[in-house]
Amino acid sequence: MAGTGIGARVMRKEDFRFITGKGNYTDDINRPGQAHAYFLRSPHAHAKIRKIDTAKAAAMPGVVAIFTGADIEADKVGGLICGWMIHSKDGTPMKAGAHPALAVGKVRYVGDHVAVVIAETLAEARDAAEAILVDYEPLKPVVDLASATKKGSPVIHDAAPDNQVYDWHLGDEAAVKAAFKKAKHVTKIDLVNNRLIPNAMEPRAAIGDYNSGEEAFTLYTTSQNPHVARLVLSAFIGIAPEHKLRVIAPDVGGGFGSKIFIYAEETICVWAAKKVGRPVKWVADRTEEFLAIAHGRDHLTHAEMAIDENGRILGLHVKTRANLGAYLSTFASSVPTYLYVPLLSGQYNIPAIYGEVEAVYTNTAPVDAYRGAGRPEATFVIERLMEVAARELGMDPAAFRKKNFIKSFPHQTPVIMCYDTGDYNASLAKAMEIHDVKGFARRKRESAKAGKLRGLGYSAYIEACGIAPSAAVGSLGAGVGLWESAEVRVNPVGTVEVLTGSHSHGQGHETTFAQLVAGRLGIPIENVAIVHGDTDKVQMGMGTYGSRSGAVGMSAIVKALDKVEAKAKKVASFVLEAAEADIDFKDGKFSVKGTDKSIDFASVALQAYVAHKFTGEQLEPGLKEGAFYDPTNFTFPSGVHIAEVEIDPDTGVTTIAKWTAVDDFGVIINPMIVEGQVHGGIAQGIGQALLEGAVYDANGQLLTASYMDYAMPRADDLPSFRVDHTTTPCLSNPLGIKGCGEAGAIAAPAAVMNAITDALGHENIAMPATPQAVWQAAQAGLARAAE
Amino acid sequence: MPKVSMTVNGKRVSADVEGRTLLVQFLREHQRLTGTHVGCDTSQCGACVVHVDGKAIKACTNLALSCEGANVTTIEGLANGTELHPMQAAFRTHHGLQCGFCTPGMIMAAIDMVNRLGYDLSEETIRHELEGNICRCTGYHNIVKAIQAGAAAMGGLKVAAE
Amino acid sequence: MYAFDFHRPATLRQANNLVGKVEDAKILAGGQTLLPTMKQRLASPAAVIDLSGVPELVGIEQKGRNLVIGAMTSHAEVASSALVRAALPGLAALAAGIGDPHVRHKGTIGGSIANNDPAADYPAGLLALGATIVTNRRKIPAGDFFTGMFSTALDEGEIITKVIVPTGAKFAYAKFRNPASRYAMVGVAVGKKGSSVVVAVTGAGSDGVFRWADAEAALGKRFNAKSLDGIKNPAAKELNSDIHASAEYRSHLIGVMARRAVTAATAK
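Quick caveat, the model's predicted, so the values are computed rather than measured.

Draft legend 1. Structural view of the interface of chain B and chain A. Counting residues at the interface gives 46 residues for chain B and 53 residues for chain A. Interface area for chain B against chain A, summed over the two sides, is near 4,100 Å², with a carbon-plus-sulfur share of 56%. The largest per-residue losses of area from chain B upon contact with chain A belong to Arg92, His95 and Arg136 of chain B, which jointly make up 20% of the total buried on that side. Applying the counting rule to chain B against chain A returns four salt bridges. The partner of Arg20 of chain B in a salt bridge is Asp127 of chain A, with the nearest N and O atoms 3.6 Å apart.

Set out below in structure tokens:
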């Protein structure tokens, strides 16, 4: 079994269906008699709805029904929720405006849901939607993040008269003030963390289906966490009780956070299925995804770092304004708070940290978690500060980092986190060696000869995965627990089905989870099936986000496997007629200590079900065990990425010349899959740094609403990456896993911007560093150099 | 409604379609060949790439009626039962896919690349030739490796057959 | 898309009949711009006349000192044509840089110039080469054909049948791609035949493709990138400005791309 166990590069079990075109995505599913939904969306960023006249549209060919906000109000369909309560500095709860699934009285962003048309075909639904007459009274929109809370700004939600959602803080303000008083040097920086649009390649889709005989609903949906969707749709939105609502998230074509949330569209599909008595299918086109999916990032930050005469950091003060868009999305409030400020200590020993975050409403699409969620923003702040501070102090950026690294563990930061383990020097040293940092000066000279500017930038990141323990996050405002569930079902022939609450939408769980199970039980990996994404099969789960599936989801499987092994030993003890304590289990065999008596796993499974060797009083038949695993701490993946860029000052084009990543993810189950996660994360991070950025005009129109204007990283924008690892096993879970899904996206933006500013010789450039921005910055740099 | 007939994966098929029916709709909705995907509305993502008369095209930017009499190959038409096309096998071996959504278009584009440019493809060539295919998961690193290996394997196959 | 009637003539004669007869019809060539526009419901013709079934509109021939390219010849065919690569390698390279490989298999030279997208590559190339556009009714010099953004000299019912491109010119096209769409943010085509030099700029002008007279004059004296050193770039006020590139940046890029085009045209 050595070939498929933990640590093996096992080819993915799920690939066959994907490479042969037999994947089963939501849009590939069709229900008998289904009708098609099309959403009429607001063309205005901010407007009152005076009247909606659907008469003409309703008479159009193929139209089955048209619904507006009035219909969902009449049916008492609850509003969409934000599941994490944040309290402001003054103790007041965050100001959450109502978020109906179809607009009631007012629209608040371009793309907001005004009405839904259900028709025989999608084209007919769209034709009819264009015939709906909406009488809008346009209002002045709030678009600019910096001025959103200014006196006299238009009010987006009555519940938040100054457009402020909360004004939150964490850390010891007095201690930070004292640190700055002692400082020999203070580094100050202003940063924009640009707004991103997630762009999983599969657009969102949903099919609502209602069985009137059983009064039961089924929702097929592109979700990263079908159980959370069911919980919210039943407990909060009130569509159906949980036992009458089945949520299926089949193959899902990428998520990156954007498919965590519970959106208006799936809510309406499932509700409308009962109203019209037919399955209702909706599939987003890409433009709708741009307009109405939850966006990511969008921070303005001022940060200051206090440093003593020896180059040691004394304190950090970070002030951020976060754009949450027009409504609070499902986990929006937690992203710029608990997923952000607690990470500001980075890999460094910083005695005092104070973070202030003001979150505001604007007339733009809701903003929520996108790959990394808060942690990329934190890493960007601290790693840009480290680089700038080193330059100001005339220190080598690597040496400055080394000097301030945390070197003993556990380490309690001043902002909640207690890092269990790590070796930051090791990853930095390895990255520098692999990258040939020593050869950089020579490469820079060669670039200069060719008229190019070359720069090198570091990013020593930390992230926190497997957000936990549940009791702790509950005390911080989370509306849910953040454990995971697993059930291991051993069949009488010894094959195994593992039901998990994690959801795989590209991460390869069907393979890595099977590696764990096959290795532990000593059975062929072909004999293990991973079942996920269906609330009728898996009882409850929390889903996949925040790089939690390995650390939390697999730990739950370990717990269930512990129970299976214990029960199987009991069965074996009856079969082998030995005391339970004398049964050993190794390499798929149960044997009696000190004898040659043994029985294999499949035979034990059979014996568990035929139950011939024990009585019901002695032992329950069957071999099936479940477990819930609640972590005792976060996990703390870390690492160092080194970016090397070459800039053409004539055009401003930045080329990534070289990339090295050395990550510490703890124990790695499948290095092939982990490296793939790192590659993808880096690409998204480089995308943020060089290419991507959502742009709204002053009227709140999204100017980057298609791939014509939103620059997605393509193959020729990127290099091949050199990816390596160091390992300090995580101490808080049984497998020693830390998590890897977000690391690249967290590390990369700062590495790129540190390299670009190194090449340019000044700090005055923001993300995305497009050719135009870099050209302007290069011209400014040349002008400055000439002075 | 007008009728369109074409050969899809070696099979003669026909259906009554509207003028506005796209080739990708014909394949997905009329033929239930759902391996060809739609990822954008502006002809850029390449999730819908199929071969028409031996050339890679975007099935979202071609009318079904324009394909009257054409010979269409989709991702479903590549494997021979469980025996994968060398390019499919290379994507699996080199972990050239994660969520799988862009994969059919990537594989069809890759085979077309080999058909045009041969079996020995440089990294630079592959990256350049992938301009019309967007992947959000892999960072392209392993896609590039997979295509390089798949191209070589296609060449080996051809040599072996000769 | 809105619904429409679909016609697919098999001969040019049938096509001619249809364009005279069918009301509010759009001619569909490769469809790589028209279909996305229709999908977004930005165009709503009552009928579409698809020329993809007319074989006489496809093909590349050398006729005397000219290349004659059928209107329905795809970008891929122009890019890979041995005739074009031998006679005008710069034109083959231009075609090889339009869109992406899949788009190049469908997109056609006739469709591209009939649409005259302000960011399209062919209009600049054909201007710089002094090409002639042949329709079912007449011949139109490229200089008279492109009349402004999305506008041409074509009349109602007029179908482009072929493009005549003189050979023997030094020619190259340098494009700076929009990072998102990959269309030309600035594209400069430079053609020199005898003492006459044409510098045509696409992607940048507020009214589509235009000629850069100052550069033409300077390059007419000496065909070398250095000749552009003293020349002022086209004024920003005549140029496009959008979220990707300001008019000033486009103006600068015109200078850079023109130099690169001249260098490429004089290479080999």
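Continuing now.
Draft legend 2. Focus on the domain arrangement of chain C. Taken as a whole, chain C is organised into domain 1 (5–51), domain 2 (58–166) and domain 3 (170–266). Computed over C-alpha atoms, the centres of domain 1 of chain C and domain 3 of chain C are 34 Å apart.

Draft legend 3. Expanded view of the interface of chain B and chain C. Between chain B and chain C, the contact holds 27 residues from the first and 30 residues from the second. Counting the surface lost from both chain B and chain C, the interface buries some 2,300 Å², and carbon and sulfur atoms represent 56% of this. In this structure, the connection of chain B to chain C is made through three salt bridges. A salt bridge links Glu131 of chain B to Arg182 of chain C; the shortest N-O distance between them is 3.5 Å.

Draft legend 4. Spatial organisation of the layout of surface pockets. The computed volume of the second largest pocket comes to approximately 1,500 Å³. Lining the second largest pocket are 49 residues, with Asp716 of chain A, His128 and Glu131 of chain B together with Arg177 and Arg182 of chain C positioned closest to its centre. For the lining of the second largest pocket, the residue count by class is 22 nonpolar, nine polar and 18 charged.

Draft legend 5. A look at unusual backbone geometry. Cis rather than trans, the peptide bond between Ala468 of chain A and Pro469 of chain A has omega equal to -10°. Here Pro469 of chain A lies in the loop between strand 18 (453–462) and helix 13 (470–475). With an omega of -10°, the peptide bond between Met767 of chain A and Pro768 of chain A qualifies as cis. Mapped onto the secondary structure, Pro768 of chain A falls in the loop between helix 18 (743–760) and helix 19 (771–786). Positioned with a positive phi, Arg41 of chain C is a non-glycine residue whose angle comes to about 65°. Position of Arg41 of chain C among the secondary structure elements: in the loop between helix 2 (34–39) and strand 3 (47–50). We classify Arg41 of chain C as buried; its relative accessible area is 10%. Backbone geometry places Arg182 of chain C, a non-glycine residue, at a positive phi of 70°. Along the chain, Arg182 of chain C falls in the loop between strand 11 (170–177) and strand 12 (184–193).

Draft legend 6. Here's a closer look at the domain arrangement of chain A. Residue and element names in this part refer to chain A. When its domains are assigned, chain A resolves into domain 1 (31–141 + 203–253 + 259–292), domain 2 (160–193 + 294–396), domain 3 (420–463 + 635–787) and domain 4 (483–629). The distance between the C-alpha centroids of domain 1 and domain 4 comes to 40 Å. When domain 1 packs against domain 4, close to 1,300 Å² is buried across both sides, 54% of that on carbon and sulfur atoms. When the area that domain 1 buries against domain 4 is broken down by residue, the three leading residues are Gln224, His227 and Arg246, summing to 45%.

Draft legend 7. Spotlight on the pairing of strand 13 (residues 299–307) of chain A. Residues and elements named next belong to chain A. When you tally the buried positions in strand 13, you get seven out of nine residues, the bulk of the element. Where strand 8 (residues 185–193) and strand 13 come together, nine bridges link them in antiparallel fashion. By the bridge assignment for strand 13, Val186 is matched with Ala306. Pairing analysis gives nine bridges linking strand 13 to strand 14 (residues 313–323), with the strands arranged antiparallel. Each residue of the ladder has a partner; that of His299, found in strand 14, is Ala322. Connecting strand 13 to the antiparallel partner strand 14 that follows it, the hairpin turn spans five residues, and Gly311 within it adopts a positive phi of roughly 80°.

Draft legend 8. Focus on the pattern of salt bridges. Residues and elements named next belong to chain A. Tallied over the full model, the rule gives 71 salt bridges over all chains. Measuring nitrogen to oxygen at the nearest pair gives 3.8 Å for the salt bridge that ties Lys570 to Glu580. Placement of Lys570 in helix 15 (residues 549–575) and of Glu580 in the loop between helix 15 and strand 22 (583–586) is noted, with a sequence separation of 10 residues between them. For Glu580, a relative accessible area of 38% corresponds to the partly exposed category.

Draft legend 9. Spatial organisation of the nonpolar core. Of all hydrophobic cores here, the largest spans 228 residues; its most connected members are Trp659 and Ile756 of chain A together with Phe91 and Ile147 of chain B. When residues in this core are grouped by element, the largest group, 12 residues, is from helix 18 of chain A. Sequence-distant contacts of Phe91 of chain B, that is, excluding residues within four places in its chain, are made with Ile19 of chain A together with Gly96, Leu97, Thr103, Met106, Ile107, Ala110, Ile143, Ala146 and Ile147 of chain B. Membership of the second largest hydrophobic core comes to 49 residues, among which are Val517, Val528, Ile530 and Ala551 of chain A.

Draft legend 10. The arrangement of the sheet that holds strand 2 (residues 25–28) of chain C in detail. All names here are of chain C. With respect to topology, three strands assemble into an open sheet ordered 1-3-2, the strand pairing being parallel. The open sheet has two free edges, formed respectively by strand 1 (5–7) and strand 2, since each of these has just one partner strand. Here the strands of the sheet are splayed against their neighbours by 20° on average, with no regard to which way each runs. Across three bridges, strand 1 lies against strand 3 in parallel orientation. Residue Phe6 lies in a different strand from strand 3, and its bridge partner there is Val48.

Draft legend 11. Just the sheet that holds strand 2 (residues 47–53) of chain A, in detail. Residue and element names in this part refer to chain A. Taken together, the three strands give an open sheet; going across it, the order is 4-2-6, and neighbouring strands pair in antiparallel fashion. Edge positions in the open sheet fall to strand 4 (106–107) and strand 6 (133–138), since each of these has one partner strand only. Bridging between strand 2 and strand 4 involves two bridges; their strand directions are antiparallel. Bridging from a neighbouring strand, Ala47 pairs with Val107 of strand 4.

Conventions adopted
Residues numbered from 1 in each chain as written. Chains lettered and ligands numbered in written order. Predicted model: local features only at pLDDT ≥ 70, side-chain atom pairs only at ≥ 80, totals over all residues. Heavy atoms only, no water. Contact = heavy atoms within 4.5 Å. Buried area = accessible area lost by both parts, 1.4 Å probe. Salt bridge = Lys/Arg side-chain N within 4 Å of Asp/Glu carboxyl O. Domains from an automatic or database assignment. 1 Å grid on protein atoms, 1.4 Å probe; cavity = no way out; pocket = protein on both sides within 12 Å on 5 of 7 lines; lining within 4 Å. Points joined across faces, edges and corners; volume = space filled by probe spheres on them. Nonpolar A, V, L, I, M, F, W, Y, C, P; charged D, E, K, R; others polar. Helix = DSSP H or I, 4+ residues; strand = E, 2+ residues; numbered from the N terminus. Buried < 20%, exposed > 50% of the residue type's maximum accessible area, 1.4 Å probe, protein only. Pairing = 2+ DSSP bridges. Core = buried A, V, L, I, M, F, W, Y, C linked by side-chain atoms within 4.5 Å. Axes fitted to C-alpha atoms, helices over the stretch in contact; angles between N-to-C directions.

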